[in-house]
Amino acid sequence: MSFSIPRGTQDILPGDSEKWQIIEAKAHDLCRRYNYREIRTPIFEQTALFARGVGDTTDIVQKEMYEFKDRGGRSLTLRPEGTAPVVRSYVEQKMHGWVNQPVKLYYTGPMFRYERPQSGRMRQFVQFGVEALGSADPAVDAEVIALAMEFYKELGLNNLKLIINSLGDKESREAHRSALVNHFAPRIDEFCSDCRARLDKNPLRILDCKVDREHELMTDAPSILDYLNEESRKYFKDVQEFLEEMGINYEIDAGLVRGLDYYNNTAFEIMIDGEGFGAITTLAGGGRYNGLVEDIGGPETPGIGFALSIERLLMALEVQGVDLIREHNLDVYIAALGEKARKKVPALLHQLRAAGFSADADYMDRKMKGQMKAANRQQAKYVLILGDDELAENKINVKNMQDGTQSLEPLENVEKKLMDSGIEKGDQ
Ligand code: HAM
């Protein structure tokens, strides 16, 4: 019997996992600078949270959820996204009562969607996302967008396109909604069954339909931007001005509606321009969701956030030839010959690792030549050569592999000698 990995998932192996670590470290560092703090929520939640939060007319809820019953008969779902769980936690943990407002949170972790796998579209993927809850200041919208753009910039990506739109407040959305119904109703029979159901429930979703996207009614559908009331219009303008002052370029696309139901006012996506990226060009998406906290049972609270997947980021880095890591190499390799010398190795490794060096030794009973080869393969910066003769005098050979020099040192000096050598510990 042989086993294979489930469709739409991947193993991340050494060589790639280092890239993930660098990206995750960047996320932590960036959020520290923007004053967002990490939240970790469970990988599964009550199914009803997503039906309510993400919206039961969305593809995610209708077609893509990994839903299961536990042994107690409860309906649970592997989280398809991070916003609804964060908001659930915000309400349950009464974060609206925290002294520091707005509450600024971030997360990284696996999400699950039963989608048709293709490059950049996985069934398990890792999102990095942020959520800012408790402020309706357009400066927060600009901050969230800036954080997302800065993340890509600091990792070395170019040719990004920021697309923004406003979905308006409740009043504007209702006006737009009626216009959409009037527009589509007379010819709704020409649309797919999903769209026919959407007409009453959520006509905005029709604009996001993958089946009917070529229908002629799509091109001249009423634009939300023509239905924004004064307040929504001003809000959108303010966000744009903040972006301009930060020197962040953007394009407005009135057709950007996003695939989740909770958005209002600001919506945005970051796309990658250029060849070699295939069909999927959206790297990140987010927006404002002022009604969501209330929908999930909390007090009326504004919120905004975004999420991106690390898988798509890695694709983009690869297409643009950005190399995140140099070879993984070792600070120190210990080559030992003779029974007594070998006995000494584990304690010496332990000491060096505790001092912060990356260190390894032979566990395959290799001869000296084989050990030196292993040290070379792993690009060790130093090799410590220990034989029974040296050990008898409490000494060890320290060989600098970069310039080939070698010196015999008292054993107790080794750590200091390495410290003084100027190697940067754990340098990758
Ligand atoms: P979303 O647009 O569904 O929004 O997903 C955000 C990002 O997750 C996408 O732009 C993409 O990078 C990545 N992504 C989505 N599905 C997949 C997939 N199947 N494979 C690989 N990557 C994928 C949200 O999830 C919202 N929660 C974002 C948000 C946060 N809005 C406000 N706060």
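Residues numbered from 1 in each chain as written. Predicted model: local features only at pLDDT ≥ 70, side-chain atom pairs only at ≥ 80, totals over all residues. Heavy atoms only, no water.

1. Considerations on the domain arrangement of the protein chain
When the parts of a complex come together, some accessible area is lost, and that lost area is often taken as the interface size.
Next up, step 1: Along its sequence, the protein chain is organised into domain 1 (17-169 + 229-319) and domain 2 (332-420).
Next up, step 2: Computed from C-alpha coordinates alone, the two centres of domain 1 and domain 2 are separated by 49 Å. (Domains from an automatic or database assignment.)

2. Overview of the site of the ligand
Next up, step 1: Lining the immediate environment of the ligand, one finds 27 residues, of which E81, E115, E131, Y263 and L283 sit closest.
Next up, step 2: Within the side chain of E131, a nitrogen or oxygen atom sits 2.8 Å from a nitrogen atom of the ligand.
Next up, step 3: Between S309 and the ligand, the recorded distance is 2.9 Å, taken from a side-chain N or O atom to a nitrogen atom.
Next up, step 4: Taking 650 Å² as the accessible area of the ligand by itself, protein coverage stands at 96%.
Next up, step 5: Secondary structure elements with two or more residues in the shell around the ligand: β6 (124-133), β10 (282-288) and β11 (303-309).
Next up, step 6: In terms of residues, the shell around the ligand owes the most to one element, β10, which gives six residues. (Near = heavy atom within 4 Å. Polar contact = N/O pair within 3.5 Å; in protein donor to acceptor, adjacent residues only side chain to side chain. Areas by Shrake-Rupley, 256 points an atom, 1.4 Å probe, with all protein chains shown as cover. Helix = DSSP H or I, 4+ residues; strand = E, 2+ residues; numbered from the N terminus.)

3. Quick word on the packing of helix α1 (residues 17-34) against helix α5 (residues 138-154)
Next up, step 1: Relative to each other, α1 and α5 sit at 145°, their axes nearing to 10 Å. The way α1 lies across α5 gives a crossing that is right-handed. Listed contacts from α5 to I23, K26, A27, L30, R33 and Y34 of α1 are E143, A146, L147, E150, F151 and E154.
Next up, step 2: By residue class, the composition of the contact of α1 with α5 is seven nonpolar, no polar and five charged. (Axes fitted to C-alpha atoms, helices over the stretch in contact; angles between N-to-C directions. Left-handed = near helix turned anticlockwise from the far one by under 90°. Contact = heavy atoms within 4.5 Å. Nonpolar A, V, L, I, M, F, W, Y, C, P; charged D, E, K, R; others polar.)

4. Describing the environment of K161
Next up, step 1: In this structure, K161 sits in strand β7 (residues 160-166).
Next up, step 2: Overall, the relative accessible area of 26% leaves K161 in the partly exposed class.
Next up, step 3: C-alpha separation for the pair K161 and E393, spaced 232 residues apart in sequence, amounts to 66 Å.
Next up, step 4: Those residues in contact with K161 that lie beyond four places of it in its chain are E251, E269, I270, M271 and D273. (Buried < 20%, exposed > 50% of the residue type's maximum accessible area, 1.4 Å probe, protein only.)

5. Quick notes on the pattern of salt bridges
Next up, step 1: In total, this model carries 29 salt bridges according to the counting rule given.
Next up, step 2: For the salt bridge of K210 with D59, the shortest nitrogen-to-oxygen distance reads 3.4 Å. Of this pair, K210 sits in the loop between α7 (193-201) and α8 (216-219) while D59 sits in helix α3 (residues 59-63); the two residues are 151 residues apart in sequence, bridging distant segments of the chain.
Next up, step 3: Taking relative accessible area as the criterion, K210 reaches 51% and is therefore assigned exposed.
Next up, step 4: Note that D365 is salt-bridged to R342, the shortest N-O span being 3.8 Å. Separated by 23 residues along the polypeptide, D365 in the loop between β13 (359-361) and α13 (368-377) and R342 in helix α12 (residues 339-354) bring together distant segments of the chain.
Next up, step 5: Look at D365 and you get exposed, because its relative accessible area is 63%.
Next up, step 6: For R342, a relative accessible area of 26% gives the class partly exposed.
Next up, step 7: Bridged by salt links that share partners, the residues K26, D29, R32, R33 and E154 form one connected network. (Salt bridge = Lys/Arg side-chain N within 4 Å of Asp/Glu carboxyl O.)

6. Some points on the sheet that holds strand β5 (residues 103-112)
Next up, step 1: Pairing in this open sheet of eight strands is mixed, and the strands run β1-β5-β6-β11-β10-β9-β7-β8 from one edge to the other. Two strands in the sheet have a free side with no partner beyond their single neighbour: β1 (37-38) and β8 (251-252).
Next up, step 2: Bridge count for strand β9 (residues 264-272) against β10 is six bridges, and the pairing is antiparallel. What sits directly across from M271, in β10, is T282.
Next up, step 3: Against the sheet, helix α4 (residues 83-92) makes contact with β5 and β6, and its axis sits at roughly 45° relative to β6, the strand it touches most.
Next up, step 4: Packed on one face of the sheet, helix α11 (residues 310-319) meets β6, β9, β10 and β11 and runs near 55° to β11. (Pairing = 2+ DSSP bridges.)

7. Topic: α1
Next up, step 1: Spanning 18 residues, α1 covers 26 Å between terminal C-alpha atoms, matching the ideal 26 Å at 1.5 Å per step.
Next up, step 2: The complete set of buried residues in α1 reads E18, W20, I23, K26, A27, L30 and C31.
Next up, step 3: The inward-facing, buried residues of α1 abut β5, β6, α5 and α11.
Next up, step 4: Remark: N35 follows α1 within two positions and exhibits a positive phi of approximately 65°. (Expected span 1.5 Å × (residues − 1).)

8. Describing the sheet that holds strand β3 (residues 66-69)
Next up, step 1: With antiparallel pairing, three strands are arranged side by side in an open sheet as β2-β4-β3. Looking at strand neighbours, the two that pair on one side only are β2 (44-46) and β3, the edges of this open sheet. Going across the sheet, the axis of each strand differs from the next one's by a mean of 35°, ignoring polarity.
Next up, step 2: Bridge analysis of β2 against strand β4 (residues 75-78) gives three bridges, and the strand direction is antiparallel. Bridging from a neighbouring strand, Q46 pairs with L76 of β4.

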